[in-house]
Every structure is written in C-alpha cells, then in structure tokens.
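Descriptive analysis of the structure
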Amino acid sequence: MLGHAACWLSGLLTLFLLLFIVIFLVIKGIHVISWDFITTNPKPSLDQNLTGGIFTPIIGTFLLVALGTLFALPWALATAIYLAEYSEENLWAGPIRTGIDILSGVPTIVFAIFGLAIFTNPHLSLFSTMVEGVTNAKAFGRSFIVSSITMAMMVLPFIIKSIEEAIKAVPSAYREAAYGMGISKWRTIRKIVLPSAISGIITGVVLGIGRIAGDTAIVWLCLGGSMTLTGTQPWWQPQNWLATLQNTGSTLTTYIFYSSPAGEGNSPDKAFGAGLVLIVIILALNTLVDYWGRYRALREE
Amino acid sequence: MELENVSMIIPEKASSTTGFFTRPRKPFKERIIEKILLLLTILSSILIFFVMFFVISKAIPVLKASGFSFVFSGGWDEIFSKAWQASADQPVLRFGALPLIAGTVLTTSGALVFCLTFGLGCAIFIEEMCPAWLRKPLKSTVRLLAAVPSVIYGLIGLMIVVPFISKHLISNELSLRMIKICALDGTSLLAGIIVLSMMIGPIFIAMAGDAIKSTPKKYKEASLALGLSHWRTIVKIILPAARNGIVAGAILAAGRAIGEAIALSMVTGSVANLPNPAHGLVFFLEPVRTLASTIVDNAEGMSVAACESALFACGSFLLLSCVLLSSFSRIFSGNLRTGGVSGK
Amino acid sequence: MENNGCKIKVKNLSVWYKSFQALREVNMEIYPQSITGLIGPSGCGKSTFLRCMNRLNDLVASFRLEGNIDIDDNNIYKPETDVVMIRRKVGMVFQQPNPFPMSVFDNVAFGVREHNPKIKKRELEDIVIDSLKRANLWDEVKDKLNVSGLSLSGGQQQRLCIARVLAVSPEIILLDEPCSALDPVSTAKIEELLFQLKSLYTVLVVTHNLGQARRISDYLGFFLNGNLVEYGKAADLIVKPSEKSTEDYLAGNFG
C-alpha cells in the first residue's frame with residue numbers, strides 16, 4: 001500500500017506543481033501586458049517604467065521562424081521524400097537515417113557555437129555586417145541570416161524525421177493503385193502521397209517552428225543581445241530589409257534572458273510578460289497541431 | 001482522399017516504346033528527379049556530419065595540449081582569463097574542465113533521480129491510478145509542459161527557486177563561513193537540479209507513461225485474475241514489461257539535461273566551482289557550472305583562438321555524450337514491447 | 001438461510017454497461033464438483049456473466065450491477081469484501097492463452113510466490129510440478145522448465161495457463177471459451193483435462209461450441225439477449241429443452 005500511496009502523492013504533487021507554474025507565470029506576467037507593451041520597442045533604462053515593450057523581440061522571433069523554416073524545409077522535404085520513397089535499393093539510406101536520428105539529439109548550444117565560429121570566417125561575410133571597432137578577423141558573425149541558417153541546421157533532423165513518418169503513414173494501397181495505372185513514381189509522390197501526408201508534414205513543420213521560437217542558445221550566441229534591430233533604420237522599409245537581416249537584434253527568448261537578473265536585469269517583470277506571450281504562442285501552436293490532427297483523423301473516418 | 005483525381009494525371013503517351021514483355025527502363029525524367037533527391041539528401045547529411053567534424057576539429061588544439069588533464073584537473077576560470085589575455089604566439093592551451101564535467105554529471109544525475117522517483121510515480125499514477133476524467137487533461141498538460149522553452153524554466157528558477165534557497169537555506173553565518181571558497185547567493189547545484197527536473201520531468205513522464213500504457217492488457221488481466229492486488233500487478237508485471245520504454249525515456253531525458261545551457265546558466269551560478277562533498281549538505285548549496293552553461297557564459301572569449309578551442313572542447317564532450325546516449329536509446333526503444341519480466 | 005449444497009448462488013443479477021443492459025435478472029445455482037456449461041449466441045451476456053464471478057468486470061468503468069452473487073453463502077459484491085481474496089478462490093482461464101513473458105516454471109510459480117512470499121524452494125517446486133501434472137502438461141515440459149512460456153504451442157500455452165491457476169489452489173475455475181483459439185487435438189486434450197478437474201473443482205465453461213457443451217457439461221445454461229432462458233441438467237436440457245429458443249439454438253437454427 002505504501003507504493004500505491006507514493007504514486008498518488010507523486011501524481012498530485014506534479015499536478016500542483018504544474019498548476020503553480022502556470023498560475024505564477026500568468027499572475028506575474030499579465031499585468032505587464034498591454035497593447036503598448038506589444039507594440040513599443042524596448043528601451044534601455046534603469047527605470048522600470050521606461051523600459052518599453054517587446055515589439056522588436058516579437059519581430060525578431062517572427063523573422064527567425066520564417067527564415068529558419070524557409071531554409072530548412074526544402075532540404076528536409078527532399079531528404080524525407082528520398083528516405084521514405086526511394087531508398088530501398090540504396091545501401092546508404094540506413095546509415096544516413098541512423099545518423100540523422102542520432103544527431104537529432106545534439107544540444108542546440110553546440111549548433112550555436114558552430115554557427116558563431118563558422119560565420120566569422122571572412123568568406124562568409126556577406127551574411128552579416130562588420131561590428132564597429134573590431135579590427136581582427138573575427139569582426140563578423142552575428143546576424144539574422146546567420147542565426148536562421150544555424151537554426152535551420154538545428155531543426156533539420158527533427159523535421160526530416162517528422163515528414164518521413166508522415167509520408168510512411170500514407171497507406172501503400174494509394175501508391176499501388178497509382179502504379180497499377182501506369183503513373184510514374186515521382187508523379188505519384190507529387191500528386192498522391194504528398195497531399196495525403198500534408199497534415200503530418202504540417203504538424204512536423206509547426207512543431208519545428210515551436211522549437212525555433214523557443215530556442216535561446218543559438219539566438220543568444222548568433223544574434224547578439226541588442227534590444228533593437230540594428231540594421232539601417234527605419235527597418236520596415238523594403239530597401240532596408242536586407243540590411244536588417246544582416247544585422248543583429250533580439251527575440252522573445254533573448255529578451256527574457258536579457259531582462260532577467262541573469263542579463264542586465266532591468267525589467268524582470270517585463271521578462272515575465274514576454275515569457276507569457278512566448279508561452280501563449282508556443283502553446284497555441286501545439287494545441288493547433290493537436291486539434292488539426294484530430295480533425296483530420298475524424299474526417300478520414 | 002479520393003482517388004478519382006488520379007485519372008487526370010495519367011500522361012497522354014507512354015514513356016517507353018519497348019515491347020510488351022521487355023522491362024522498360026525508367027524514364028529519363030524519373031531518374032533525374034531521383035538523382036536530385038539523392039543529392040539533396042546527401043548534402044543535408046553532409047551538412048549535419050560537417051557540424052560534428054567542425055566542432056571536434058576546432059577542439060583538437062586544446063584537447064591535444066591538455067590530454068587527460070582536461071578531464072581531471074580544475075581551475076577553469078583562472079586559466080580562461082589567462083588565455084584571454086595571452087598573446088597570440090604564446091597561447092594558453094592546457095585547460096582543466098573537471099568542475100564543469102562534475103557540474104554536468106551532478107545536475108543531470110540529480111534531475112534523473114527526481115525523474116525515476118517522482119516522475120515514474122507520476123507516470124504510474126496517470127496511466128493506472130488516476131480517475132478517468134482526470135487522465136486526458138493531465139496527459140495534455142504534461143505534454144504541453146514539455147514544449148515550454150527552457151528560458152522560461154530558467155526565469156522561474158531565477159525568480160522563485162534561487163531567492164528561496166538564498167533566504168531560507170543559507171544563513172548569514174553559513175555565507176561567512178564559506179566566503180573563502182565561494183559566494184553562496186542562492187545560485188547553486190540544488191537550484192540547477194530543481195530547474196532541470198522541472199524541464200526533463202514532463203518528457204520522461206510522457207515517455208514512461210506511453211510505455212506503461214502499451215503493455216498488453218492480457219498480462220494485467222491474468223495477474224489480477226490470479227488474485228494479485230493492483231499494486232503488485234504494477235510492480236511485478238506492468239513495470240518489468242514496460243522497462244525498455246522507461247529506460248529509453250530516461251536516456252532521452254538525460255540527453256536533454258546534459259545539453260541544457262541557458263536555464264542552467266541562469267540558476268547555477270557563474271563560478272566554475274567543484275562542490276566538495278566534505279562540506280556535507282552545503283554541497284548542494286554551492287554554485288556550479290556545467291559544460292553547456294560554460295559555453296554560454298564564456299562566449300565572448302570566442303575571439304581568442306585558444307579560448308575558442310577550449311569552448312569547442314566542451315562542445316565536443318557534449319556532442320559525444322549526446323550521440324552515445326542517442327545510440328543507447330535506439331537500442332532500448334527498438335524493443336519497446338518485449339521488456340524483461342522475471343518471476344522472482 | 002437455505003443451503004442445498006450449492007457453491008454459487010446467483011440471485012436476480014442484472015448488469016449494465018452505461019445504459020446498455022447486458023444481463024437481466026439472472027437466477028442460477030451452481031453445484032460443486034461439476035462442470036456447468038454456458039452457451040448462447042454472440043453478445044448474449046455469457047462472458048459478462050462469467051466475469052461477474054471473479055469481479056473482473058470491476059475493471060470496466062461503465063460497469064453497474066444489481067442483485068447478489070453468493071459464493072459459499074458470502075455475497076461477493078458486499079462493499080467490505082476483499083476482491084483479492086475472491087480472485088484467489090476463483091481462478092480464470094481466458095480465451096486467448098496469455099502466459100506471462102517468463103519461463104514456464106516462473107509462470108506457474110508466480111501466483112504462489114505472491115500469495116506466500118516466504119515459501120521454501122522445495123515446497124514451491126513441489127507445487128509447480130504438481131500443478132503441471134494436473135494440467136496434463138508435465139510430460140511435455142519437464143525438461144524445459146526454463147524456456148519462455150511464450151515459446152510453447154497454443155494448446156500448451158493454454159494448459160500452462162490452467163496450471164498457473166491450479167497452483168494457487170482455487171475452489172472454482174472459470175473458463176471463457178478456452179478452446180476457441182486452439183486446434184482440434186489440443187481441444188480434445190483440454191476437454192479431457194476438464195473432466196479430470198471436475199472431481200476437485202467447480203468448473204464454469206463458456207463455450208461457443210455446442211458439441212463441446214454436450215460432451216463435457218453436467219449442467220447447461222442457455223443465455224439469450226442477457227436473459228438466462230433455460231438452466232438445468234445437461235442431459236435433460238439437450239434431449240428435451242423446455243423453451244423453443246433453446247431448441248432452436250441447439251438445433252443450430254441461429255447463433
């Protein structure tokens with residue numbers, strides 16, 4: 001009976017802990033959130049009231065997510081399609097798949113220093129802009145483009161696995177019907193398999209987006225900690241877009257890190273506000289995926 | 001999805017003009033596409049392997065110069081600042097990462113202990129004991145918690161756990177006593193373990209719960225019909241049968257814990273200190289640093305080649321341990337259903 | 001309290017799963033040292049009835065019961081009853097053989113060890129060997145007691161499950177279509193086994209196989225749509241059923 005009671009205790013304890021975390025975050029963060037908060041830029045200031053909002057971090061998160069997915073998706077799609085559909089005759093597929101599996105466990109911090117180190121190479125300098133006042137070879141290295149590429153590499157194994165699973169889940173009956181009608185393999189894939197697998201593919205991509213949005217290590221090292229977008233201002237004008245992407249900025253995650261006592265510590269309350277916004281975004285993504293999956297499953301019946 | 005659309009995409013002419021019984025060669029376009037896909041696949045694999053290669057090769061200068069003392073000696077902070085200031089033709093290459101490795105091992109083990117006790121109990125509770133109306137919401141909550149970014153756990157740790165430790169567990173005289181060794185301000189091994197447990201707990205609970213749920217019902221029925229209590233059935237039949245899945249979950253959680261950089265950097269302190277077990281329970285209150293959080297803390301040093309190499313050395317350790325853990329986990333999750341059950 | 005020597009007395013038993021009524025006011029008296037067969041078409045409630053005997057239906061969340069089941073004049077559905085003790089007294093063999101993923105020896109010893117943790121090794125071995133002998137399995141496994149129970153054939157696995165039940169010394173044995181997953185040779189062996197067992201135990205068998213019911217039962221109960229349509233000595237019921245539906249079922253007109 002002792003074991004029984006211990007399990008009940010663990011379960012209820014966990015439940016309370018969960019609720020506590022959620023409630024704490026909401027309480028601490030909610031009074032900071034306002035329309036102003038979301039639409040103003042952060043400003044450096046020691047006075048809590050003047051530290052501004054989280055507009056540029058939100059833009060930063062959005063930019064990273066968009067670019068990172070853009071860079072990762074074509075590779076991931078191609079690799080997943082190949083592994084799922086073409087690789088029976090190829091001996092390489094096994095080791096490649098194993099390698100991808102194993103590497104999906106590599107911590108993001110390793111990708112972060114990789115990104116930081118490799119993009120300081122002057123040959124790759126078109127991806128970032130020179131840091132003022134630094135004269136040695138390591139003058140470059142931090143920008144949105146750099147971070148997006150690094151993010152894409154980090155999230156690549158994960159998306160490959162998700163898409164591959166989605167493709168494999170398409171019943172072979174569909175393929176056999178198509179081949180039996182004399183349709184070539186690639187057309188079958190393009191017109192039948194991929195559309196069937198689309199919900200699984202979208203799920204994988206959305207989960208990957210969640211990963212990108214929630215990652216701090218790569219952003220902190222490869223994007224720098226500047227509160228505002230440091231490209232040519234005003235950043236929203238199309239002629240300045242490239243410059244913006246070649247410069248540093250911040251995302252919600254680094255904003256939280258920066259505003260907490262671990263960073264500058266100027267606005268811990270704002271950190272909670274940003275944290276709340278971030279959690280809402282990620283939870284929304286995950287819940288969306290859940291309901292989308294359930295909706296599709298019901299429709300299939 | 002309907003297959004009626006298929007008829008619209010049959011090409012108008014046959015792509016092969018060979019006879020009825022000869023095997024037609026794959027059409028040219030098909031082969032091109034296959035080759036392109038293969039190329040992209042190889043490229044993305046090369047990319048991934050290149051990362052590994054790069055990290056390890058950058059680490060070699062420091063690893064070669066330090067040899068085994070990288071693992072067995074300490075003094076990271078002093079060496080790092082010396083290396084930062086040293087001139088380029090006289091680089092400091094002998095680093096000692098013992099406190100960092102110890103920090104990683106200690107925080108991860110502590111978090112695993114939590115997982116395998118409270119976490120497992122919680123998984124058993126969710127799958128076997130909790131009332132039916134509670135099960136789904138609880139499982140969804142656990143899974144959503146596993147998706148929360150680590151920086152938020154770090155924030156919670158920093159704003160709740162660390163002040164709590166500092167106020168209630170560290171008295172003024174204790175800080176004074178320890179002042180020669182390190183500063184006790186709440187950022188500590190204990191805080192690291194707590195935050196890490198919060199982070200990897202949900203992941204482990206989800207996987208262990210899945211393993212428990214997928215044990216065949218017939219074993220449970222047979223055991224109960226023999227007159228065993230529910231608890232004994234869990235201990236003697238269900239858990240052994242779920243063993244492989246549980247171990248796979250623990251390995252996955254451990255991999256996540258080892259690589260966690262940001263949250264731990266926020267709560268374990270900024271000193272590469274090796275906690276001394278001789279201090280008794282104060283051991284848990286001392287600050288530590290892990291391999292991963294060191295990379296975050298010392299990232300500005302990347303402009304000096306020696307420091308960069310040292311950080312990559314830490315990264316290599318992380319990389320290799322995570323790769324090893326991933327490999328082990330594949331062994332266990334490959335046989336998810338056939339756990340080992342002994343009658344004894 | 002009248003006691004005409006019956007082992008199990010079922011009084012006005014009604015069972016619901018949510019709003020679906022699976023059994024309607026069943027009354028039955030089951031006698032010791034006999035084989036009682038329960039027959040009827042699919043979905044008539046005979047398996048539900050069987051599972052009420054060892055309270056295995058408790059595992060289903062939507063299960064609801066009204067009425068009484070007395071075993072040895074003790075109502076097993078009283079709130080204070082210890083379910084675990086009931087299940088030691090009432091053993092069950094399932095439709096699909098389900099030996100544990102352990103060795104043959106450990107399978108049989110499992111229940112014994114749990115009920116008697118301090119048992120001596122010698123005594124345990126004696127019990128295991130005795131149970132395997134009584135289940136007519138000993139000759140086939142005596143030199144491979146350490147192989148996994150899952151490596152035996154279907155018929156052997158089912159006899160292993162029976163040995164497992166016998167090892168904990170029940171008084172009543174429930175069998176839920178024990179031969180439906182087996183070939184005719186194994187079926188014959190198990191029917192022979194049941195004959196031997198009836199002298200020591202009270203046996204209830206749910207079966208889909210009318211021939212089997214005729215061959216082995218002392219008493220027969222015919223279920224239809226949750227009602228116990230007819231119950232009595234097998235010989236009487238088969239030759240001269242009182243109800244039309246019983247006659248139709250026995251003749252194979254439906255089911």
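Reading guide: rules and limits
- Residues numbered from 1 in each chain as written.
- Chains lettered and ligands numbered in written order.
- Predicted model: local features only at pLDDT ≥ 70, side-chain atom pairs only at ≥ 80, totals over all residues.
- Heavy atoms only, no water.
- Buried < 20%, exposed > 50% of the residue type's maximum accessible area, 1.4 Å probe, protein only.
- Helix = DSSP H or I, 4+ residues; strand = E, 2+ residues; numbered from the N terminus.
- Pairing = 2+ DSSP bridges.
- Contact = heavy atoms within 4.5 Å.
- Buried area = accessible area lost by both parts, 1.4 Å probe.
- Salt bridge = Lys/Arg side-chain N within 4 Å of Asp/Glu carboxyl O.
- Polar contact = N/O pair within 3.5 Å; in protein donor to acceptor, adjacent residues only side chain to side chain.
- Patch = residues over 30% accessible without salt bridge, like charges linked within 9 Å, V, L, I, M, F, W, Y side chains within 5 Å.
- Areas by Shrake-Rupley, 256 points an atom, 1.4 Å probe, with all protein chains shown as cover.
- Disulfide = S-S within 2.5 Å.

With that out of the way, let us pick up the pairing of strand β1 (residues 8-17) of chain C. Residue and element names in this part refer to chain C. Burial analysis of β1 places seven of its 10 residues in the buried class, which makes it a mostly covered element. Where β1 meets strand β2 (residues 20-30), seven bridges bridge the pair, whose relative direction is antiparallel. If you follow Y17 over to β2, its bridge partner there is F20. Adjacent in sequence and paired antiparallel, β1 and β2 are bridged by two residues, among which K18 carries a positive phi angle near 55°. Strand direction decides the pairing type here: β1 and strand β4 (residues 63-71), joined by eight bridges, are antiparallel. Along β4, the bridge assignment pairs I8 with I71.

The next thing to look at is the environment of C:I30. All names here are of chain C. You can see I30 is positioned in strand β2. Given a relative accessible area of 0%, I30 falls into the buried group. With residues near it in sequence (within four places) discarded, I30 still touches C6, K7, I8, T36, T202, L204 and Y231.

Further remarks concern the interface of chain B and chain A. In this assembly, 75 residues from chain B lie in contact with 80 residues from chain A. Approximately 7,300 Å² of surface area, both sides summed, lies buried where chain B meets chain A, with 82% of it carried by carbon and sulfur atoms. Our enumeration of links across chain B and chain A arrives at zero salt bridges. At the junction of chain B with chain A, the criterion picks out one residue pair in polar contact (both at pLDDT 80 or more). Where the side of chain B that touches chain A is concerned, the elements lending two or more residues are α1 (28-66), α4 (98-129), α5 (132-145), α6 (150-169), α8 (189-213), α12 (262-267), α13 (291-297) and α14 (305-334) of chain B. Considering each element in turn, the side of chain B that touches chain A owes the most residues, 19 residues, to α1(B).

All names here are of chain A. Nonpolar side chains collect at one region of the surface, where W8, L12, F16, L19, V22, I23, V26, I27 and I30 lie side by side and expose about 810 Å² of accessible area between them. On the secondary structure map, I23 appears in helix α1 (residues 2-30). The exposure class assigned to I23 is partly exposed, which follows from its relative accessible area of 46%.

To continue, consider the state of the cysteines. Within the structure shown, the criterion is met by zero disulfides over all chains. Not part of a disulfide, C:C52 finds its nearest cysteine sulfur in C:C44, a span of 13 Å.

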